[in-house]
Amino acid sequence: IKQTKIKASPDVVFRFHESSDALQHLIPPWENMQLVESAGSLQPGSRVVLRGRLGIIPIQWVAIHTEYDPPHLFADRQESGPFAYWYHCHRFLDDGQGGTLLRDEVEYAVPLGVIGRWLGGWLVRRKLEAMFAYRHEKTRNLIESGEWKSALSASER
């Protein structure tokens, strides 16, 4: 679980995540991943496909959105990809002060069972912690600076 307070309403933070370029903003620059397909929606059944490399190993990650309750949450699960299991719930909680507690809840299992956990479990956990720290900081900065709203306003003209 990663949680960050953002000085904007849950509706605004949810709308950022729904925007067509949100995922592009949230892929850390050190990750060798590219968005190759997106339905442009967080609605159940919509797909996202990412391609990249894990070291020298090419990977394709296909996620399907499974839950959608704006502006409170959306969730996705891995249909195919690097994990044995992946479920990710994005929650947007009202902090009672006009802001949002952005919370990412992830359940996952590395491949290869006990061997995978022993060989790479710590590395996966470290990579996920770094990725979510980046995503939360980027989201907070884009929204609180007004940069995202400015881009949104420009695109709506």
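Please give an account of empty space enclosed by the protein that cites residues and values.
Here the structure, examined in full by the defined rule, presents one cavity of 30 Å³ or more. Size it by volume and the largest cavity reaches roughly 40 Å³. Lining the largest cavity, in full, are His17, Leu26, His90, Leu102, Asp104, Arg135, His136 and Thr139. At the level of secondary structure, the elements contributing two or more residues to the lining of the largest cavity comprise strand E7 (100-109) and helix H3 (113-144). It is H3 that provides the largest number of residues to the lining of the largest cavity, a total of three residues. Considered class by class, the residues forming the lining of the largest cavity number two nonpolar, four polar and two charged.

Describe a nonpolar patch on the surface, with residues and values.
Together, Leu54, Ile56 and Ile57 make up a nonpolar patch on the protein surface, roughly 340 Å² of accessible area in all. Counting through the fold element by element, Leu54 comes out in strand E3 (residues 47-54). Exposure remark for Leu54: the relative accessible area of 44% places this residue in the partly exposed category.

Before we move on, can you summarise the side chain of Asp104 with the specific residues and values?
Within the element layout of this structure, Asp104 appears in strand E7. Buried Asp104, no salt bridge; nearest opposite-charge side chain is Arg135, N-O distance 5.8 Å. Only 2.5 Å separates the side chain of Asp104 from the side chain of His88, close enough to count as a polar contact. Of the polar contacts made by the side chain of Asp104, one reaches the side chain of His136; its length is 2.5 Å. The residues contacting Asp104, other than those within four sequence positions of it, are Ile1, Lys2, His88, Cys89, His90, Phe132 and His136.

An account of the pairing of strand E4 (residues 57-69) is requested, with residue identities and associated values reported.
Of the pairings in the sheet, the one linking E3 to E4 comprises eight bridges and is antiparallel in character. From the neighbouring strand, Arg53 faces E4, where its bridge partner is Pro58. Once E3 ends, the chain turns through two residues before running back antiparallel as E4, passing Gly55 with a positive phi of about 70°. Here seven bridges tie E4 to strand E5 (residues 73-80), and the two strands are oriented antiparallel to one another. Paired with Asp69 across the two strands is Leu73, which belongs to E5.

Explain the nonpolar core to me, and be specific about the residues and the numbers.
In this structure, Ile6, Ala8, Val13, Phe16, Phe92 and Ile143 are the most contacted members of the largest nonpolar core, which totals 15 residues. Looking at this core, the elements that each hand over two or more residues are helix H1 (10-18), helix H2 (22-26) and H3. Ignoring any residue separated from it by four or fewer positions in sequence, one finds Val13 in contact with Ile6, Ala8, Phe92, Thr100, Leu102, Thr139 and Ile143. If you look at the next biggest cluster of nonpolar residues, it comprises eleven residues, including Leu50, Phe83, Leu128 and Phe132.

Outline the sheet that holds E3, supporting the account with residue identities and numerical values.
Judged by pairing direction, the sheet is antiparallel, and its seven strands sit side by side in the order E1-E7-E6-E5-E4-E3-E2 without closing on themselves. The two strands at the open ends of the sheet, each matched to only one other strand, are strand E1 (2-6) and strand E2 (33-38). Between one strand axis and the next, the sheet turns by 20° as a mean value, whatever way the strands run. In the packing of H1 onto the sheet, the strands contacted are E1, E4, E5, strand E6 (85-94) and E7, and the crossing angle to E6 comes to about 145°.

Definitions and limits used
- Residues numbered from 1 in each chain as written.
- Predicted model: local features only at pLDDT ≥ 70, side-chain atom pairs only at ≥ 80, totals over all residues.
- Heavy atoms only, no water.
- 1 Å grid on protein atoms, 1.4 Å probe; cavity = no way out; pocket = protein on both sides within 12 Å on 5 of 7 lines; lining within 4 Å.
- Points joined across faces, edges and corners; volume = space filled by probe spheres on them.
- Helix = DSSP H or I, 4+ residues; strand = E, 2+ residues; numbered from the N terminus.
- Nonpolar A, V, L, I, M, F, W, Y, C, P; charged D, E, K, R; others polar.
- Patch = residues over 30% accessible without salt bridge, like charges linked within 9 Å, V, L, I, M, F, W, Y side chains within 5 Å.
- Areas by Shrake-Rupley, 256 points an atom, 1.4 Å probe, with all protein chains shown as cover.
- Salt bridge = Lys/Arg side-chain N within 4 Å of Asp/Glu carboxyl O.
- Buried < 20%, exposed > 50% of the residue type's maximum accessible area, 1.4 Å probe, protein only.
- Lys, Arg positive; Asp, Glu negative; His and termini not counted.
- Polar contact = N/O pair within 3.5 Å; in protein donor to acceptor, adjacent residues only side chain to side chain.
- Contact = heavy atoms within 4.5 Å.
- Pairing = 2+ DSSP bridges.
- Core = buried A, V, L, I, M, F, W, Y, C linked by side-chain atoms within 4.5 Å.
- Axes fitted to C-alpha atoms, helices over the stretch in contact; angles between N-to-C directions.

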